[in-house]
Amino acid sequence: MKFIINRMKLISALIIICLAQLPAAYSQQAQVADQIIGKVDNFIILESDLELAYKDYLSRGNNANESSVCTVLEGLIVNKLMLAKAEIDSVVVSDQQVDAQLENRMKMMVNQIGSEEKIEEYYGKTLEEFKVEIRDDIKEQLVMSEMQRTITQDIEVTPKEVQEFFRNIPKDSLPYYSTQVQVGQIVRNPVMSKEAKNSVKARLEGLRERILEGEDFEEVARLYSQEPGARKTGGNIGFFQRGELAPEYEATALRLKPGEISKPVETDFGFHLIQLIERRGNEFNTRHILIRPTFREADLQIARNFLDSLRTNILNDSIKFEKAAKEYSDDMNTSSSGGYFLDGQSGSTKISVEDLDPNVFFTIDTMKLGSITKPLTFTKQDGSQAVRILFYKDRLRPHQADIRLDYQRIQKAALNRKRSEILNKWFEESQSEVFVTIDEKYDSCNILKK
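K.L.:
Explanation requested: the packing of helix α7 (residues 127-152) against helix α17 (residues 407-430) in the structure shown.
P.N.:
For any two helices packed against each other, the geometry comes down to the angle between their axes and how far apart the axes lie. Running from amino to carboxyl end, α7 crosses α17 at an angle of 100°, the nearest separation of the two axes being 10 Å. With respect to α17, the element α7 is oriented roughly perpendicular. Residue-level inspection shows Met147, Gln148, Ile151 and Thr152 of α7 in contact with α17, the latter providing Arg419, Ile422, Leu423 and Trp426. Of the residues belonging to the contact of α7 with α17, the class tally is five nonpolar, two polar and one charged.

K.L.:
Would you mind going over the pattern of salt bridges with me for this structure?
P.N.:
Oppositely charged side chains may form a pair once their charged atoms are brought near each other. Applying the stated criterion to the full structure yields 27 salt bridges. Here glutamate 51 and lysine 55 are joined by a salt bridge, their closest N and O atoms 3.1 Å apart. Here glutamate 51 pairs with lysine 55, and both are found in helix α3 (residues 47-59), just four residues apart, close to one helical turn. Across the salt bridge formed by glutamate 205 and lysine 263, the nearest N and O atoms sit 3.8 Å from each other. Residue glutamate 205 is found in helix α9 (residues 194-212), and its partner lysine 263 is found in the loop between α12 (247-255) and β6 (265-267); the two are separated by 58 residues along the sequence. Under the relative-accessibility criterion, lysine 263 is labelled partly exposed at 49%. Overlapping salt bridges, with partners in common, bring together Glu218, Glu219, Arg222 and Arg287 in one network.

K.L.:
Can you walk me through the pairing of strand β4 (residues 180-188) in this structure?
P.N.:
Every other side chain in a regular strand lies on the same face of the sheet, so the side chains alternate between the two faces. Of all nine residues in β4, eight are buried, a share of seventy percent or more. The sheet contact formed by β4 and strand β9 (residues 351-352) spans two bridges and is antiparallel. In the strand pairing of β9, glutamine 180 is matched with serine 352. Pairing of β4 with strand β11 (residues 385-396) involves nine bridges; the strand directions are antiparallel. Bridging across to β11, valine 183 finds its partner in tyrosine 392.

K.L.:
Explanation requested: the sheet that holds β4 in the structure shown.
P.N.:
Either a parallel or an antiparallel arrangement is found when strands of a sheet pair, and the pairing is made through backbone hydrogen bonds. An order of β9-β4-β11-β10 is seen for the four strands of this open sheet, with the pairing classed as antiparallel. The open sheet has two edge strands, β9 and β10 (376-379), and neither has a second partner. Strand contacts of helix α13 (residues 297-315): β4, β10 and β11, with the helix running at about 30° to β11, the strand carrying the most contacts.

K.L.:
Would you mind going over the packing of helix α8 (residues 159-167) against α17 with me for this structure?
P.N.:
For the pair α8 and α17, the least separation of the axes is 9 Å and the interaxial angle reads 90°. In terms of orientation, α8 and α17 fall into the roughly perpendicular class. Residues Pro159, Glu161, Val162, Phe165 and Phe166 of α8 lie in contact with α17, whose contacting residues are Tyr407, Ile410, Gln411, Ala413, Ala414, Arg417 and Lys418. In terms of residue class, the contact of α8 with α17 is built from eight nonpolar, one polar and three charged.

K.L.:
Hey, could you run me through the packing of aromatic side chains in this one?
P.N.:
Two descriptors summarise a pair of aromatic rings, namely the distance from one centre to the other and the angle between the planes of the rings. A full pass over the atoms with the stated rule returns six aromatic pairs. For the ring pair phenylalanine 361 and phenylalanine 362, a centre distance of 5.3 Å and an interplane angle of 70° mean the geometry is edge-to-face. Judged by its relative accessible area of 25%, phenylalanine 361 is partly exposed. Between tryptophan 426 and phenylalanine 427, the ring centres sit 5.1 Å apart and the planes meet at 70°, which makes this aromatic pair edge-to-face. The same class applies to tryptophan 426 and to phenylalanine 427, which are both buried. Of the aromatic side chains, those joined through ring pairs into one cluster are Phe321, Tyr340 and Phe391. Cation over ring: arginine 188 sits above phenylalanine 306, and NZ or CZ is 4.0 Å from the ring centre.

Quick notes on the rules
- Residues numbered from 1 in each chain as written.
- Predicted model: local features only at pLDDT ≥ 70, side-chain atom pairs only at ≥ 80, totals over all residues.
- Heavy atoms only, no water.
- Axes fitted to C-alpha atoms, helices over the stretch in contact; angles between N-to-C directions.
- Helix = DSSP H or I, 4+ residues; strand = E, 2+ residues; numbered from the N terminus.
- Parallel < 35°, antiparallel > 145°, perpendicular 65-115°, else oblique.
- Contact = heavy atoms within 4.5 Å.
- Nonpolar A, V, L, I, M, F, W, Y, C, P; charged D, E, K, R; others polar.
- Salt bridge = Lys/Arg side-chain N within 4 Å of Asp/Glu carboxyl O.
- Buried < 20%, exposed > 50% of the residue type's maximum accessible area, 1.4 Å probe, protein only.
- Pairing = 2+ DSSP bridges.
- Phe/Tyr/Trp six-rings, centres within 6.5 Å; stacked < 30°, edge-to-face > 60°.
- Lys NZ or Arg CZ within 6 Å of the ring centre and 35° of its normal.

Here it is in structure tokens:
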């Protein structure tokens, strides 16, 4: 997954990397016309694939030498081997998974670059052309991830294995961790007033009438829908299977006939007009218009009052923060962990300050350990407003890895090593099941002899 993200972000920047950075032998190879340099069953590796992967490798601070070229080529061979074996073992991902990942990737790029128009300007092609270009890469990455998951899903490490792993790390090689904090939140979404709901429903009813009277659904969606990207897609979201969308949306869509438009439907995201385009068994293709109600100050105040009372109970030790978060927080991403933000790599409740949301960081920067803020209004990722309280539980200053303080991180590293060993064994056993060939000019890499 990381390779695709880096590839998209770095394509333009990498063009200006001089071939002088590459070893002399490889610089000469890169100047020839694009050609196949490796095959793994039906999967091929082009000279340009290696060149781009090698530039990405260099951009991450690695040294340029012949050994590095071999390392990158070996990685490409391994990836294709996994794809070939996935075909043999019938490991597949659905088009819906690919489309969902593609949309997530595009949203991430929009956030990074600023707008869809800037993406088109940056890459010199339309958004649809760009999506077509990267779709196969995304599908391959999802297949490889599923293959790895299938191979390693039952792998676990015991506390004894974690301790042994840590003891075997040379003291001068122990990682150094920056400042870590333990911060939790309890979030309350404001309850929408009946008046606000009725106002939005009336607005959508008016748009529905306009469409029924002859206006184009997609044009109306481009003008009025509050879904990110609707201006480009016309509200089309593609095929999904049962269980992949909000239950209310899905139930309504499956009751419609092709071309039929629903009445306003409420979900956690707002209110929708839904049009069914096509249905294939349990799969259905729809377009929609989304409008989010605007909360009144009174609605937000009700949420503030609730959290203020809950905060008082926590401070009086009538209820533990973790229990309150699990029972009352509306944020599903943190409520299951007792309200705490989690480190994306290790799953630890201790998170580097660099990984914290800037608003959270600047808030706790003025707090004392053990304190809880009064209710704070904030804007969520989907653009809606909510209220939360923050609990600043603990802070670890920069330190060298310590199994007592960093057990979850060390456990994750031990688990990754064990998974890597299993994968290496799997690669060795799988090579005999597929046909692998590499251009003779890379014989010195000895990839097939390893």
